[in-house]
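# Summary of the model geometry
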Amino acid sequence: MDEAYRQIEEIVGRETRAWDTQDADLLLTLFHPDMVWPWPPTAADHDPLTWVLELGRFDAQRWRAGWQALFDTHALVHNRRAIRRIAISNEGDGALAVVDIDTLWRDGAGREQHWCGRVCKVYANVGGEWKMTMHTGVLDYSISA
């Protein structure tokens, strides 16, 4: 289980590096083909009845284009992330990571897009490689990263 824990730490760290370097291709290495990423309309919308599926099922071309558009139009002001919990299934084939994030983007007009709160990243070990299968959008639990 120690090795699985280390591998989950690595994949969370790889995602952080991808955001830090604005590397859409590195982000694409994280996802299982069946990944779906629901987002709450705001960080205060804990009820999943209100959540939306802006990206649909993982599509590398579509997701890369969306992230590249963000990177091309926004400057990353800061990206603070802290792993709060990693849990590995008894079978060693599933995992979750709870991460507090504080990521601030600013566009050319000075408008800010702030992702601040807690997320849960869910992974499956497929063929010896961990891939993200689900990720909650950012929710505010009155915490700071």
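Just so it is clear, the structure is predicted and the values come from calculations on it, not from any experiment. (Residues numbered from 1 in each chain as written. Predicted model: local features only at pLDDT ≥ 70, side-chain atom pairs only at ≥ 80, totals over all residues. Heavy atoms only, no water.)

The helix and strand tally for the chain stands at three helices and five strands. The secondary structure elements of the chain, listed N-terminal to C-terminal, are α-α-β-α-β-β-β-β. Burial statistics for the chain: of 145 residues in total, 40% are counted as buried. Relative to all contacts within the chain whose residues are 6 or more apart in sequence, the contacts with residues 24 or more apart total 57%. In the structure as shown, the chain presents an accessible area of about 7700 Å², 51% of it carried by carbon and sulfur atoms. (Helix = DSSP H or I, 4+ residues; strand = E, 2+ residues; numbered from the N terminus. Buried < 20%, exposed > 50% of the residue type's maximum accessible area, 1.4 Å probe, protein only. Contact = heavy atoms within 4.5 Å. Areas by Shrake-Rupley, 256 points an atom, 1.4 Å probe, with all protein chains shown as cover.)

On to the sheet that holds strand β5 (residues 129-135), then. The five strands are arranged β1-β5-β4-β3-β2 in an open sheet whose pairing can be described as mixed. If you trace the sheet from one side to the other, it starts and ends with β1 (31-36) and β2 (74-88), each paired once. Each strand of the sheet is rotated relative to its neighbour by a mean of 25 degrees, with strand direction disregarded. For strand β3 (residues 94-107) and strand β4 (residues 112-126), the ladder comprises 13 bridges, and the chain directions are antiparallel. Its bridge partner being in β4, G94 is matched across the sheet by A124. The sheet strands contacting helix α1 (residues 2-21) are β2, β3, β4 and β5, and the helix crosses β2 at an angle near 170 degrees. Its contacts with the sheet put helix α3 (residues 60-73) on β1, β2, β3 and β4, and the angle it makes with β2 is roughly 130 degrees. (Pairing = 2+ DSSP bridges. Axes fitted to C-alpha atoms, helices over the stretch in contact; angles between N-to-C directions.)

Averaged over the chain, the pLDDT score is 93; the fraction of residues at 70 or greater is 97%. Across the chain, β2 holds the top mean pLDDT of 98, while β1 sits lowest at 94. (pLDDT = per-residue confidence, 0-100.)

Next up on the list: α3. Here α3 is 14 residues long and its end C-alpha atoms lie 20 Å apart, about the 20 Å a rise of 1.5 Å per residue gives. For α3, every residue scored as buried is listed here: W63, W67, L70 and F71. Viewed along the axis of α3, the buried residues span an arc of 95 degrees, placing them on a single side of the element. Opposite the buried face of α3, by more than 90 degrees, sit the exposed residues Q61 and D72. Of the surrounding secondary structure, the elements contacted by the buried residues of α3 are α1, α2 (24-28), β1, β2, β3 and β4. (Expected span 1.5 Å × (residues − 1). Arc of directions from axis to C-beta.)

The next thing to look at is the side chain of K121. With respect to the secondary-structure elements, K121 resides in strand β4. Exposure remark for K121: the relative accessible area of 1% places this residue in the buried category. Reaching out from K121, the side chain makes a polar contact with the side chain of E15 at a distance of 2.5 Å. Apart from the residues lying within four places of it in its own chain, the contact partners of K121 are V12, E15, R81, A95, L96, A97, V99, M132, M134 and H135. (Polar contact = N/O pair within 3.5 Å; in protein donor to acceptor, adjacent residues only side chain to side chain.)

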